[in-house]
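# Structure at a glance
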Amino acid sequence: MIEKYAEIIGENELDALFKISEKLKGVSVLHVNSTQKGGGVAEILNKLVPIMNELGIKTDWKVIRGDNEFFSVTKSFHNALQNGKGNLDNDNFAIYKKWQEINSTEVPLDYDVIFVHDPQPAGLVEKKGKQKWIWRCHIDISNPYPPVWDFLKNYIQKYDSMIVSSPVFGRSDINVPQFVVPPAIDPLSVKNREISSFTIERILRKFDVDPGRPLITQISRFDRAKDPQGVITAFKGLKKHIDAQLVYLGSPASDDPEGEIVYEETLKAAEGVKDVHLLLLPPDSDLEVNAFQRGASVVMQKSIKEGFGLTVSEAMWKGKAVIGGNTGGIPLQILHGYTGYLVNTPEEATHYLIYLLRNDEIRERIGRLAKEHVRNNFLITRELRDYLMVILLTMG
Ligand code: UDP
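The structure presented is a predicted model; accordingly, all values stated were derived computationally and were not measured.

Parameters at a glance
- Residues numbered from 1 in each chain as written.
- Predicted model: local features only at pLDDT ≥ 70, side-chain atom pairs only at ≥ 80, totals over all residues.
- Heavy atoms only, no water.
- Helix = DSSP H or I, 4+ residues; strand = E, 2+ residues; numbered from the N terminus.
- Buried < 20%, exposed > 50% of the residue type's maximum accessible area, 1.4 Å probe, protein only.
- Polar contact = N/O pair within 3.5 Å; in protein donor to acceptor, adjacent residues only side chain to side chain.
- Contact = heavy atoms within 4.5 Å.
- Near = heavy atom within 4 Å.
- Areas by Shrake-Rupley, 256 points an atom, 1.4 Å probe, with all protein chains shown as cover.
- Nonpolar A, V, L, I, M, F, W, Y, C, P; charged D, E, K, R; others polar.
- Pairing = 2+ DSSP bridges.
- Axes fitted to C-alpha atoms, helices over the stretch in contact; angles between N-to-C directions.
- Salt bridge = Lys/Arg side-chain N within 4 Å of Asp/Glu carboxyl O.

## As for the side chain of Q301
- Its location among the elements puts Q301 in strand β10 (residues 298–301).
- Residue class for Q301 comes out buried when judged on its relative accessible area of 1%.
- A distance of 2.9 Å separates the side chain of Q301 from the side chain of S220, its partner in a polar contact.
- Side-chain polar atoms of Q301 contact the side chain of T311, separated by 2.8 Å.
- In this view, Q301 contacts Q218, I219, S220, K226, E306, T311, V312, V322, I323, G324, G325 and I330; residues no more than four positions away in its chain are not counted.

## Some details on the site of the ligand
- Of all residues adjacent to the ligand, which total 18 residues, the nearest are G40, R221, K226, L310 and E314.
- A distance of 2.9 Å is found between an oxygen atom of the ligand and a backbone nitrogen or oxygen belonging to L310.
- Here an oxygen atom of the ligand sits 2.5 Å away from a polar atom, N or O, in the side chain of E314.
- Burial of the ligand by the surrounding chains reaches 91%, relative to a free accessible area of 540 Å².
- Counting only elements with at least two residues in the shell around the ligand, the list comes to α3 (40–54), β8 (245–250) and α11 (310–317).
- The greatest single-element share of the shell around the ligand, amounting to three residues, is contributed by α11.
- Grouping the constituent residues of the shell around the ligand by class yields five nonpolar, seven polar and six charged.

## Re the sheet that holds strand β12 (residues 341–343)
- What the six strands build is an open sheet, ordered β9-β8-β7-β10-β11-β12; its pairing is parallel. Each edge of the sheet is formed by a strand with only one pairing partner; in this case those strands are β9 (276–280) and β12. Looking at each pair of strands side by side, their axes are set apart by 20° on average, direction ignored.
- Direction of pairing for β10 relative to strand β11 (residues 322–325): parallel, over a ladder of three bridges. Looking at the pairing, V299 lines up with V322 of β11.

## Observations regarding the pattern of salt bridges
- As enumerated under the stated definition, the model contains 30 salt bridges in all.
- Salt-bridge contacts for E126 lead to K158; the nearest nitrogen and oxygen are separated by 3.5 Å. Here K158 lies in the loop between α6 (146–156) and β5 (161–164) and E126 lies in the loop between β3 (113–117) and β4 (132–136), a separation of 32 residues in the sequence.
- Given a relative accessible area of 36%, K158 falls into the partly exposed group.
- For the salt bridge of K191 with D286, the shortest nitrogen-to-oxygen distance reads 3.8 Å. Of this pair, K191 sits in the loop between β6 (178–180) and α7 (197–206) while D286 is found in helix α10 (residues 286–294), placing the two residues 95 residues apart along the sequence.

Below is the structure:
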């Protein structure tokens, strides 16, 4: 299976991966996160864990437990860390601590290296023994709400190293070695591999989308950070000029309890706007995601806050011009004017939507450059190689 990546990245790159994994033979690794399905972290772990095992590194994945109350608190943490504001008190911190205790009795910690993904399970480090602990932060922590960051920092200080997705997320106020590893996509997965135009059209039609008219797509959880209302506003602006359609495809994630409210808000914003399809599909609708990204004329990821935004690389890999929010890890992927367009407002998004839909040649050129940028930087083999390097450096 792993050999199949050679066709995409070349023998040399694959060889480098084998050489590093040789050094880690016999090392056991555990990944811990807070959801099995939905969102970028689960997407990555689903692909990464089997490949690590294939490379001979014994790797397991555990998902922590929690109730609604816990996930509401951690979602508030998430928002407070990314937005710089929040409203949390000691009761919230106590709920967080209670679930760290519960999970620490259930998650087996008998491994050489433990990767803890994001804030939800970060407190497990209290049970640190002889293992090496790596905090893998997938969100924007460049401007956190101080009370939440200070609370979390007490745990993070105990880690042996940490990883952020973009250099702009590095922290100068903690004394833990920090690495920058942008996330990546799996080109061989059902979500990203080539599919026939027949399949694309069949899926578009199944959801009442006309394959003969321009289609704008955004694939995102219904989360205010993904700016679903901004997407609707941008589309309304486009609609005044071009008879396009919009698909906003979102799926629930068990660690994101706000999805329903935000879906309702988006529905309201889209009231009376023709050709808007707001779709709620199960989180494993990979073929549908693939088809809506490939079937799109232009893909949007109009986030206001973003850790990395795997959906950007997913669409770029499919040769699409992406209009993305100028935030977090999106500018690593979209080099403005070369591999896509960065925007700060819905009006700017409308501008580039019209521009791209009216200029086939530019759209195609950007799509070609976008795909090469992803091939060189954002495929899972590169991320894996970086992780293995981080393990080696952390183990010393
Ligand atoms: N995703 C999906 N179905 C949806 C919405 C999102 O499969 O309806 C996937 C998307 O294709 C991507 C991941 O969930 O692989 C989202 O990762 P990203 O980094 O873009 O955002 P996050 O949800 O982690 O903030």
